[in-house]
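Geometric and topological summary
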Amino acid sequence: MVRISGPLDDDLEFRPAVRSDLDAVYDISLLTGNAGRDATSLYVDPKLMGHIYAAPYLILDGTIGYVVENQKQVLGFVLGATNTRDFEAQLEDRWWPELRRDYPWPGQVQGELTADQKRIHMIHRPDVVPERVVQTFPAHLHMNLLPEVQGKGVGTALLNVWLDAARNASVSGVHVRVNAKNTSGFAFWKSRGFQPLLTQKSMGSAGTIWCGLQVGVS
């Protein structure tokens, strides 16, 4: 466990993420799911964001995850996989099948898709990370912080904990995907050394910006 003198009244603690953090991880995924802002009003099903971007990292193999908490309340997380292609294969084998039964394919939808429909489409037809990205940056991560710990250095400290663990796992490079509308998130990753690699349009949204960082091995 890592302790820092936190920006809150009490010290923050960073510790490895465990399965009992699932509820908190789902909640934070929704509360930060609208380009870093609260997405609660956008979704009928509050678990869809977590199903796709967070929960499997607490279940599947080859992952690295940490949470930051204050007085046992989880305030943010960083979750990732050391090998993206291996992780994608595990998702197909062990994660998506049950979700596809729970969320049937919606078929052709007239008009603009709802937020729920977009995520259900992703469950049935998940994005594949471009080969150009994973060739040099095979690992990936997601990081989400509640507003009360944003902009206070917590994200940088949490990222550094994850990167140290990645180096110990012989990770050479890591990538992140950033919603093109999330300008503050993009600025954060660039300021921490992540370089934009390419931008993809998808699902009629502003698109995804893929960014990569050479990690090095300790």
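In what follows, the accompanying structure is described.

Cut-offs and rules
Residues numbered from 1 in each chain as written. Predicted model: local features only at pLDDT ≥ 70, side-chain atom pairs only at ≥ 80, totals over all residues. Heavy atoms only, no water. Phe/Tyr/Trp six-rings, centres within 6.5 Å; stacked < 30°, edge-to-face > 60°. Helix = DSSP H or I, 4+ residues; strand = E, 2+ residues; numbered from the N terminus. Buried < 20%, exposed > 50% of the residue type's maximum accessible area, 1.4 Å probe, protein only. Lys NZ or Arg CZ within 6 Å of the ring centre and 35° of its normal. Lys, Arg positive; Asp, Glu negative; His and termini not counted. Salt bridge = Lys/Arg side-chain N within 4 Å of Asp/Glu carboxyl O. Polar contact = N/O pair within 3.5 Å; in protein donor to acceptor, adjacent residues only side chain to side chain. Contact = heavy atoms within 4.5 Å. Core = buried A, V, L, I, M, F, W, Y, C linked by side-chain atoms within 4.5 Å.

**A closer look at the packing of aromatic side chains**
Evaluation of the coordinates by the stated rule reveals three aromatic pairs. Their ring planes at 15° and their centres at 4.5 Å tell us that Tyr 57 and Phe 87 sit as a pair that is stacked. Of this pair, Tyr 57 sits in the loop between helix H2 (48-53) and strand S3 (63-70) while Phe 87 sits in helix H3 (residues 84-102); the two residues are 30 residues apart in sequence, bridging distant segments of the chain. A residue is classified by how much of its surface remains accessible, and Tyr 57, at 7% relative accessible area, is buried. Here the aromatic rings of Trp 189 and Phe 194 are separated by 4.9 Å at their centres, their planes lie at 75°, and the arrangement is edge-to-face. Assigned by exposure class, Trp 189 and Phe 194 land together as buried. Sitting above the plane of the Tyr 26 ring, Lys 47 keeps its charged end 5.0 Å from the centroid.

**A few points about the side chain of Asp 116**
Residue position: Asp 116 is located in helix H4 (residues 115-124). Buried charged residue Asp 116 carries no salt bridge. Nearest counter-charge: Arg 119, at 8.4 Å. A distance of 2.8 Å separates a polar side-chain atom of Asp 116 from the backbone nitrogen of Val 44. Apart from the residues lying within four places of it in its own chain, the contact partners of Asp 116 are Leu 42, Tyr 43, Val 44, Asp 45 and Leu 48.

**Quick notes on the nonpolar core**
Judged by nonpolar contacts, the single largest core of 64 residues is most densely connected at Trp 162, Val 174 and Trp 189. It is helix H6 (residues 154-168) that contributes the most residues to this core, nine residues altogether. Not counting residues up to four positions away in its chain, the partners in contact with Trp 162 are Ile 64, Gly 65, Tyr 66, Val 78, Leu 79, Gly 80, Ala 81, Ala 139, His 140, Leu 141 and Val 174. Core analysis: the next-biggest nonpolar cluster, separate from the first, contains five residues, Val 129, Val 133, Val 134 and Leu 198 among them.

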